[in-house]
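Each chain is listed here by its residues.
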Amino acid sequence: LKGDDLKAALQAADAVICRSQPKITADLLEFPGKLRAIARAGVGVDTIDVPAATKKGIVVMNTPGGNTVSAAEHTIALMFALARQVPAADAVMKAGGWDRNKFLGTQLTGKTLGVIGLGRIGLEVAKRAKGLGMEVVGFDPFVTSARAAELGVTPANGLADLLPKADFLTVHIPLTPETKGLIGSKELAAMKKTARLLNVARGGIIDEQALADALKAGVVAGAGVDVFSTEPAPADNPLRGAPNVVLTPHLGASTVEAQENVAVE
Ligand code: MLT
């Protein structure tokens, strides 16, 4: 549903449950009828104008636990896909080719994974990375160094400390005015030339144009991106034309299990 149809449906309902595609904006909530609750079958409530809903006495809820494992697994999947160039090698095979020299990979064991955001998903990713023999360095302003260490994560003293250490960098934070563009050209320049970045959180936390430029210039080595600043990502999204990227269309929570979990929650 869109536009007036969505507005009418919202007005007719006591409660709505939505995934991430519908945008519940202030104008849709101007005359909310009997609507009292909006539930997000997922983590992020960035698709809902929460202050506008609150003003109308409508509670906004999410289901924060249901898709944690699936999002973490997708992050690990992208990390492997990047490290061994699986999609590019697969494309060559399917086109009838056989090129072993082009696809020299990198091992994950012994590498450092930088995790920005040590919430539910960040910690699940960290746990899996440790199982792969990676060193995990994490940064989260809301988690104390002692707590991070308890979780087996070496605490970083801010981004300036974390960025130069990371062979892989993954972000697991919400998109807010403070986190938009958190990783831009300055931050990318502070990373190793061999570093690879992952974003399975929200589009725009890593600036897309800055990342595409950095990939083209060899400032960083690769990126796995599942989320985009505009979704569906338009044809001219700069990452579509960038080298060494693995892109998926917001599939982090798209597993049978995650969808069932958030539905039950
Ligand atoms: C979420 O916010 O839970 C995820 O991005 C998955 C989604 O809703 O599509």
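Predicted model, so just to flag it, every value in this text is computed and none were measured.

A. Unusual backbone geometry, seen in detail. Backbone torsion omega between Glu 231 and Pro 232 reads -10°, so that peptide bond is classified as cis. Its identity as a non-glycine residue notwithstanding, Gln 85 has a phi of 50°, on the positive side. Tracing the chain through its elements places Gln 85 in the loop between helix H3 (68-83) and helix H4 (86-94). You will see that Asn 244, though not glycine, has its phi angle at about 55°, which is positive. By secondary structure assignment, the location of Asn 244 is in the loop between strand S9 (222-225) and strand S10 (245-247).

B. Just the nonpolar core, in detail. Residues Leu 169, Ile 183, Leu 188, Met 191, Leu 197 and Leu 211 are the most contacted members of the largest nonpolar core, which totals 30 residues. Elements with a contribution of two residues or more to this core: helix H7 (159-162), strand S7 (168-171), helix H9 (208-217) and S9. Broken down by element, this core gets its largest block of residues, 5 residues, from H9. Residues within four places of Leu 197 in sequence aside, it is in contact with Leu 82, Leu 169, Ile 183, Leu 188, Met 191, Ile 206, Leu 211, Val 220, Gly 222, Ala 223 and Gly 224.

C. The pattern of salt bridges, seen in detail. Evaluation of the coordinates by the stated rule reveals 9 salt bridges. The partner of Glu 150 in a salt bridge is Arg 147, and the shortest N-O contact between them spans 2.7 Å. With Glu 150 and Arg 147 both in helix H6 (residues 145-150) and 3 residues apart, the pair spans about one turn of that helix. Assessed through its relative accessible area of 62%, Glu 150 is described here as exposed. The class of Arg 147 is partly exposed, set by a relative accessible area of 39%. A salt bridge links Lys 165 to Asp 161; the nearest nitrogen and oxygen atoms lie 2.8 Å apart. For Lys 165, a relative accessible area of 38% puts it in the partly exposed group. Counted as one network, the salt bridges with shared partners bring together Glu 124, Lys 127 and Arg 128.

Criteria and thresholds
Residues numbered from 1 in each chain as written. Predicted model: local features only at pLDDT ≥ 70, side-chain atom pairs only at ≥ 80, totals over all residues. Heavy atoms only, no water. Helix = DSSP H or I, 4+ residues; strand = E, 2+ residues; numbered from the N terminus. Core = buried A, V, L, I, M, F, W, Y, C linked by side-chain atoms within 4.5 Å. Buried < 20%, exposed > 50% of the residue type's maximum accessible area, 1.4 Å probe, protein only. Contact = heavy atoms within 4.5 Å. Salt bridge = Lys/Arg side-chain N within 4 Å of Asp/Glu carboxyl O.

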